[in-house]
Amino acid sequence: MGRVDAVLGGVAVVAETPLTGGLYNAARLLELADGRRLVLKCAPPPGTPGLAHERGLLGTERLFHALAADAGLTVPQVLHHDPDGDAGSREWLLLGYVEGRTWDSLRERLSAADRAGLRRTLGAWAAKVARATGERYGYPQPEAGLSAGDWPAAFAAMLGALLADADRYGVELPVPAEELRALPERFGAALAEVRRPALVHFDAWEGNLLLTPGADGGWELTGVIDGERAFFGDPLAELVGLDPLGAAERDEDFTAGYRSVDPAFAVDDAGRARLALYRIYLALVMRTEAAPRAYTGDFADWVRTWSAERIAEQLAVLDGLSPRGR
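Residues numbered from 1 in each chain as written. Predicted model: local features only at pLDDT ≥ 70, side-chain atom pairs only at ≥ 80, totals over all residues. Heavy atoms only, no water.

Novice: Outline the pattern of salt bridges, supporting the account with residue identities and numerical values.
Specialist: Scanning all chains against the criterion turns up 23 salt bridges. A salt bridge links Arg-120 to Asp-253; the shortest N-O distance between them is 3.1 Å. Placement of Arg-120 in helix 3 (residues 112–129) and of Asp-253 in helix 9 (residues 252–261) is noted, with a sequence separation of 133 residues between them. The closest approach of N and O atoms between Glu-228 and Arg-229, which form a salt bridge, is 3.9 Å. Neither Glu-228 nor Arg-229 differs from the other in exposure class; each is buried. Sharing partners across several salt bridges, the network here consists of Lys-41, Glu-54, Glu-61, Asp-226, Glu-228, Arg-229, Glu-289 and Arg-293. (Salt bridge = Lys/Arg side-chain N within 4 Å of Asp/Glu carboxyl O. Helix = DSSP H or I, 4+ residues; strand = E, 2+ residues; numbered from the N terminus. Buried < 20%, exposed > 50% of the residue type's maximum accessible area, 1.4 Å probe, protein only.)

Pasting the structure below:
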């Protein structure tokens, strides 16, 4: 805690509480003598099994929160980032604490009106995030080596690295890797329609969305956390990360919120192809990370079954848009 103490300027930490829910970086809630509450996130020890894109994640989180704050969104304030750590420690990030309860923890308490309003707010949030622009496409941290000057090349690199991870960890794929690896070239024209590297959180599911009670007795979306999975690419990819099991583009409340910020929002055939590609990518991420995370039991069984069904479903969507051999 030596470097953290230095950043705090002598204010004592009076309590520390581990925070659960994260699957890679460790997080602790720090309560300070002056009444502030902060979150300390630390990278896992060197040698911890992970995926190729899981490098420099805290640097990505710092970048995401800075850009999202510039866009006027409520995200944790970045107080300090030490990418190197020191002797006996590792990369760490110190953030302000955002009040609220996660959407998924309140799911059973939300009325239909609450959900409709929250989905509209979420749509507007996604459109605002997409206004931020990166210098290159793909994952922003150079140590991952997964960025490029255009989106087709970046997405091909991201998917290729993930398939290499699956091979490295001995993950059985539901279809041949060669078929999956060929998808970016097969749908290169659709991917090439993305001409600006927009910021994408890609993990804004209900567990990373914070709600607070509203003045009318309902709930309001007031914060988004855990931007460590962010990349620069297609704004449509955000719809996949925030609704990993569904299809946000078919949600009238979500799309109304999105169009309140971006009136031109629409999904054509090229967009449907790209959404299918990103859904396959996310299903592969979840299936592959189960190996280094050592998932077991019912959840591991569900991930295997669901990911296989999701990939088959989305390959069928792609075949409907561009039959094989064309």
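Novice: Please set out the sheet that holds strand 10 (residues 209–213) residue by residue, giving values where relevant.
Specialist: Here three strands make up an open sheet; going across it, the order is 6-10-11 and the pairing antiparallel. Both outer strands of the open sheet, strand 6 (101–102) and strand 11 (219–224), are each paired with one neighbouring strand and no more. Strand contacts of helix 3: strand 10 and strand 11, with the helix running at about 30 degrees to strand 11, the strand carrying the most contacts. (Pairing = 2+ DSSP bridges. Contact = heavy atoms within 4.5 Å. Axes fitted to C-alpha atoms, helices over the stretch in contact; angles between N-to-C directions.)

Novice: If you had to explain the sheet that holds strand 4 (residues 78–82) to someone new, which residues and values would you point to?
Specialist: Strands sit in the order 1-2-3-5-4 across an open sheet of five strands; the sheet is antiparallel. Lying at the two open borders of the sheet, with one neighbouring strand each, are strand 1 (13–19) and strand 4. Taken pair by pair, the neighbouring strands of this sheet meet at an average axis angle of 20 degrees, ignoring direction. Pairing between strand 4 and strand 5 (residues 92–96): four bridges, direction antiparallel. Bridging across to strand 5, His-81 finds its partner in Leu-93.

Novice: Kindly report on the nonpolar core, identifying the contributing residues and their values.
Specialist: Formed by 82 residues in total, the largest nonpolar core has its most connected members in Trp-125, Trp-151, Leu-180, Tyr-278, Tyr-281, Leu-284 and Leu-318. Per-element accounting of this core gives the leading share, 13 residues, to helix 10 (residues 269–293). Non-local contacts of Trp-125, meaning those with residues more than four positions away in its chain, are made with Phe-64, Leu-73, His-201, Ala-204, Val-224 and Glu-238. Within the second largest apolar cluster, nine residues are counted, among which are Leu-30, Leu-38, Trp-92 and Leu-94. (Core = buried A, V, L, I, M, F, W, Y, C linked by side-chain atoms within 4.5 Å.)

Novice: Please provide a residue-by-residue account of the packing of aromatic side chains, values included.
Specialist: Using the criterion set out here, one finds 14 aromatic pairs in the structure. Taking the centre distance of 6.4 Å and the plane angle of 35 degrees together, the rings of Tyr-137 and Trp-151 count as tilted. Taken together, the residues span a long stretch of sequence, with Tyr-137 in strand 7 (residues 137–138) and Trp-151 in helix 4 (residues 151–168) at a distance of 14 residues. Here Tyr-137 falls in the buried class, since its relative accessible area comes to 7%. With a centroid separation of 6.2 Å and 40 degrees between ring planes, the pair formed by Phe-202 and Tyr-281 is classed as tilted. Of this pair, Phe-202 sits in the loop between strand 9 (198–200) and strand 10 while Tyr-281 sits in helix 10, placing them 79 residues apart in sequence. Pair check on accessibility: Phe-202 and Tyr-281 agree, each one buried. Through a chain of ring-to-ring contacts, three or more aromatic side chains come together here, namely Tyr-137, Tyr-139, Trp-151, Phe-155, Phe-202, Phe-231, Tyr-278 and Tyr-281. (Phe/Tyr/Trp six-rings, centres within 6.5 Å; stacked < 30°, edge-to-face > 60°.)

Novice: Now, about the packing of helix 10 against helix 11 (residues 297–321): what can you tell me, with residues and values included?
Specialist: Contact pair helix 10 / helix 11: the axes reach a minimum separation of 9 Å and the direction vectors enclose 160 degrees. Classified by the interaxial angle, the pair formed by helix 10 and helix 11 is roughly antiparallel. Viewed along their axes, helix 10 and helix 11 form a crossing whose handedness is left-handed. Considered class by class, the residues forming the contact of helix 10 with helix 11 number 16 nonpolar, two polar and six charged. (Parallel < 35°, antiparallel > 145°, perpendicular 65-115°, else oblique. Left-handed = near helix turned anticlockwise from the far one by under 90°. Nonpolar A, V, L, I, M, F, W, Y, C, P; charged D, E, K, R; others polar.)

Novice: Can you tell me about the pairing of strand 2 (residues 26–32), naming the residues and giving the values?
Specialist: Bridge count between strand 1 and strand 2: six bridges; the pairing is antiparallel. Bridging from a neighbouring strand, Thr-17 pairs with Leu-29 of strand 2. Across six bridges, the pairing between strand 2 and strand 3 (residues 37–42) is antiparallel. Note on strand 3: the bridge partner recorded for Arg-28 is Leu-40. Linking strand 2 to strand 3, which pair antiparallel, is a turn of four residues; within it Gly-35 sits at a positive phi near 95 degrees.

Novice: For a nonpolar patch on the surface, give the residues involved together with the corresponding values.
Specialist: Taken together, Leu-245, Phe-299 and Trp-302 make up a surface patch of nonpolar side chains, about 310 Å² in accessible area. Residue placement: Leu-245 occurs in the loop between helix 8 (237–242) and helix 9. Note on Leu-245: relative accessible area 51%, which makes it exposed. (Patch = residues over 30% accessible without salt bridge, like charges linked within 9 Å, V, L, I, M, F, W, Y side chains within 5 Å. Areas by Shrake-Rupley, 256 points an atom, 1.4 Å probe, with all protein chains shown as cover.)

Novice: Which residues make up the packing of helix 4 against helix 10, and what values go with them?
Specialist: Here helix 4 crosses helix 10 at 25 degrees, and the two axes come no closer than 10 Å. On the basis of their axis angle, the class for helix 4 and helix 10 is roughly parallel. With respect to the hand of their crossing, helix 4 and helix 10 are arranged in left-handed fashion. Of the residues in helix 10, those touching helix 4 at Trp-151, Phe-155, Met-158, Leu-159, Leu-162, Leu-163, Asp-165 and Ala-166 are Leu-277, Tyr-278, Tyr-281, Leu-284, Val-285 and Thr-288.

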